[in-house]
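Here's the letter readout for the chains.
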Amino acid sequence: MKAGKSTFLNAVIGADVLASENAACTICRTDIRHIDAGQVPRLLEYREGQTTPVVIAKGDAGEIQQKFLVRTRKIRERGNLDNTIRFEIEHPIEAISALSSLSGFTLVDTPGPNEWESANSNTVALKQTALEALRTCNAILFILNYAAYKDNAVSDLFKEVIQNRQELLADNKGKIYFILNKVDQKTEKDREIPDVIKDLKRELAGFGFPNPIIYPASSRQGLLAKLIKRGEATKSQEKDFEDFFSAKYAERDDKGRRVIPLPSEIAPQALEDSGIPTIQETVIQTITKNSGWNLLSDVLEILDKATKAIEDNLNTQINGWATEIKTLK
Ligand SMILES: Nc1nc2c(ncn2[C@@H]2O[C@H](COP(=O)(O)OP(=O)(O)O)[C@@H](O)[C@H]2O)c(=O)[nH]1
Ligand SMILES: [Mg+2]
């Protein structure tokens, strides 16, 4: 909870659309489907026993995030009276908009293991949907909170996840990634990030994830930098960027004063430094490669079945002829 899962996905999407706040926020699975830039984004809610979803919001990212927050708060406070199963957001996903082969892919935001208990709803059903999402997806990213990892043993973070480890590990070799998020919270006295990653690697290996792939990231910085770069940041997003991320790009003037460049001047570098572009490129590459293989093996299986059917057919015919020859003889 609060490791930055929703923020990370927002950074990948390139819009502040998934709600994130201090209380447990993501109450059930939310799918984000890519639409073309011209289409109007929507927030849909699926309820048990109903085939058509309810349209909760329509409009830009801010509009959707606001309505999403109001709706999830209501569900959390009053209980899940409408039996909501999942949400779906239709929004352009910046990271896949450039690759038409990926346009059918969906991002899935799940509640954290510790949110399952805190959400005032059917926790068994929540666990089931989250695990199902994990089973059926092409890549899984575990978002770990650097700020929490600094002080706590990784065993605390993984206790819950590991209860489902066998299910997770069985089919998912090669498609699990770990994101060490909020690395911007490192202070002077903290260990260097590569050292932290080395430790984390060892600990994750001990938990049964052989050779874990870990990327450092600052999702909030990545998201804000993307928005500023595109000239789409609101005043408050720009202020957030200045308050939390600009200072490390300060330069000294001739009198030795620290001068901080404008957000628009440092956004491209800040985006690179956030680690988000690297993660997008690597993970997306793996997904296309894996799904390419999956597609190929699906097609091969169909061809294989078809040839078997033809072979069976021919064998039956041959058997028929053999009996006819017998009677003729
Ligand atoms: N400093 C910093 N804060 C972040 C970062 N990513 C997320 N946050 C903040 O952490 C809080 C929880 O984020 P959220 O995405 O809701 O976490 P979730 O519960 O895992 O979905 C929010 O206040 C975010 O703004 C980051 O990279 N750096
Ligand atoms: Mg969340």
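Scroll up to find the structure.
Analysis parameters
Residues numbered from 1 in each chain as written. Chains lettered and ligands numbered in written order. Predicted model: local features only at pLDDT ≥ 70, side-chain atom pairs only at ≥ 80, totals over all residues. Heavy atoms only, no water. Near = heavy atom within 4 Å. Polar contact = N/O pair within 3.5 Å; in protein donor to acceptor, adjacent residues only side chain to side chain. Areas by Shrake-Rupley, 256 points an atom, 1.4 Å probe, with all protein chains shown as cover. Nonpolar A, V, L, I, M, F, W, Y, C, P; charged D, E, K, R; others polar. Helix = DSSP H or I, 4+ residues; strand = E, 2+ residues; numbered from the N terminus. Buried < 20%, exposed > 50% of the residue type's maximum accessible area, 1.4 Å probe, protein only. Contact = heavy atoms within 4.5 Å. Pairing = 2+ DSSP bridges. Right-handed = clockwise from strand over helix to strand, strands pointing away. Salt bridge = Lys/Arg side-chain N within 4 Å of Asp/Glu carboxyl O. Phe/Tyr/Trp six-rings, centres within 6.5 Å; stacked < 30°, edge-to-face > 60°. Lys NZ or Arg CZ within 6 Å of the ring centre and 35° of its normal.

Chemist: How would you sum up the site of ligand 1? Please name residues and give values.
Modeler: Lining the immediate environment of ligand 1, one finds 15 residues, of which Lys2, Lys5, Thr7, Asp184 and Ser219 sit closest. Within the backbone of Ser219, an N or O atom sits 2.8 Å from an oxygen atom of ligand 1. Coverage of ligand 1 by the protein chains reaches 86% of its 580 Å² of free accessible surface. Per-class residue counts for the shell around ligand 1 are 2 nonpolar, 8 polar and 5 charged.

Chemist: Before we move on, could you go through the environment of Ile197 and cite the residues and values that matter?
Modeler: Tracing the backbone shows Ile197 in helix α9 (residues 193-206). In this structure Ile197 comes out as buried when scored by relative accessible area, which is 12%. Beyond its immediate sequence surroundings of up to four residues, Ile197 is in contact with Leu180, Ile214 and Pro216.

Chemist: I'd like to hear about the pairing of strand β8 (residues 214-217), residue by residue, with values.
Modeler: Two faces make up the sheet, and in a regular strand the side chains alternate between them. Bridge count for strand β7 (residues 176-181) against β8 is 4 bridges, and the pairing is parallel. Looking across to β8, one finds that Ile179 is bridged to Tyr215. The β-α-β motif built from β7, the intervening α9 and the parallel element β8 has right-handed crossover chirality.

Chemist: An account of the pairing of strand β4 (residues 84-90) is requested, with residue identities and associated values reported.
Modeler: Burial analysis of β4 places 5 of its 7 residues in the buried class, which makes it a mostly covered element. Sheet analysis places strand β1 (residues 30-33) next to β4, joined by 4 bridges and oriented parallel. Along β4, the bridge assignment pairs Asp31 with Glu88. As defined by bridge partners, strand β2 (residues 42-47) adjoins β4 across 6 bridges and the pair is classed as antiparallel.

Chemist: Tell me what's going on with the side chain of Glu45, and back it up with residues and numbers.
Modeler: Mapped onto the elements of the fold, Glu45 is located in strand β2. Owing to a relative accessible area of 0%, Glu45 belongs among the buried residues under this scheme. One polar contact links Glu45 to Arg71, side chain to side chain, over a distance of 2.5 Å. At 2.7 Å, the side chain of Glu45 and the side chain of Thr84 are in polar contact. Excluding residues within four positions of it along the chain, Glu45 makes contact with Pro53, Val54, Ile56, Arg71, Thr84, Arg86 and Phe87.

Chemist: Which residues make up the pattern of salt bridges, and what are the values?
Modeler: Counting across every chain of the model gives 23 salt bridges. Arg47 serves as the salt-bridge partner of Asp82, at 3.8 Å between the closest nitrogen and oxygen. On the criterion of sequence distance, the pair formed by Asp82 in the loop between α2 (61-78) and β4 and Arg47 in strand β2 is long-range, its members being 35 residues apart. Judged by its relative accessible area of 35%, Asp82 is partly exposed. Residue class for Arg47 comes out buried when judged on its relative accessible area of 16%. Between Glu232 and Arg230 there is a salt bridge whose closest N-O contact spans 2.9 Å. Among the residues examined, Arg230 registers a relative accessible area of 36% and is labelled partly exposed. The structure contains a network of salt bridges with shared partners spanning Arg29, Asp31, Arg33, Arg42, Arg86, Glu88 and Glu90.

Chemist: Give me the packing of aromatic side chains: which residues, what numbers.
Modeler: Here the structure, examined in full by the defined rule, presents 5 aromatic pairs. An angle of 65 degrees between the planes, with centres 4.9 Å apart, marks the rings of Phe68 and Phe87 as edge-to-face. Remark: Phe87 occurs in strand β4 and Phe68 occurs in helix α2; sequence separation between them is 19 residues. You'll find Phe68 and Phe87 in the same group, each marked buried. Centre to centre, the rings of Phe241 and Phe245 are 6.3 Å apart; their planes meet at 50 degrees, and the pair counts as tilted. Neither Phe241 nor Phe245 differs from the other in exposure class; each is buried. Each member of the aromatic cluster is reached from another via a ring pair, and the members are Phe241, Phe244 and Phe245. Over the face of the ring belonging to Tyr46 we find Arg86, whose NZ or CZ atom lies 4.1 Å from the ring centre.

These results come straight from atomic positions and should not be treated as a statement about function.
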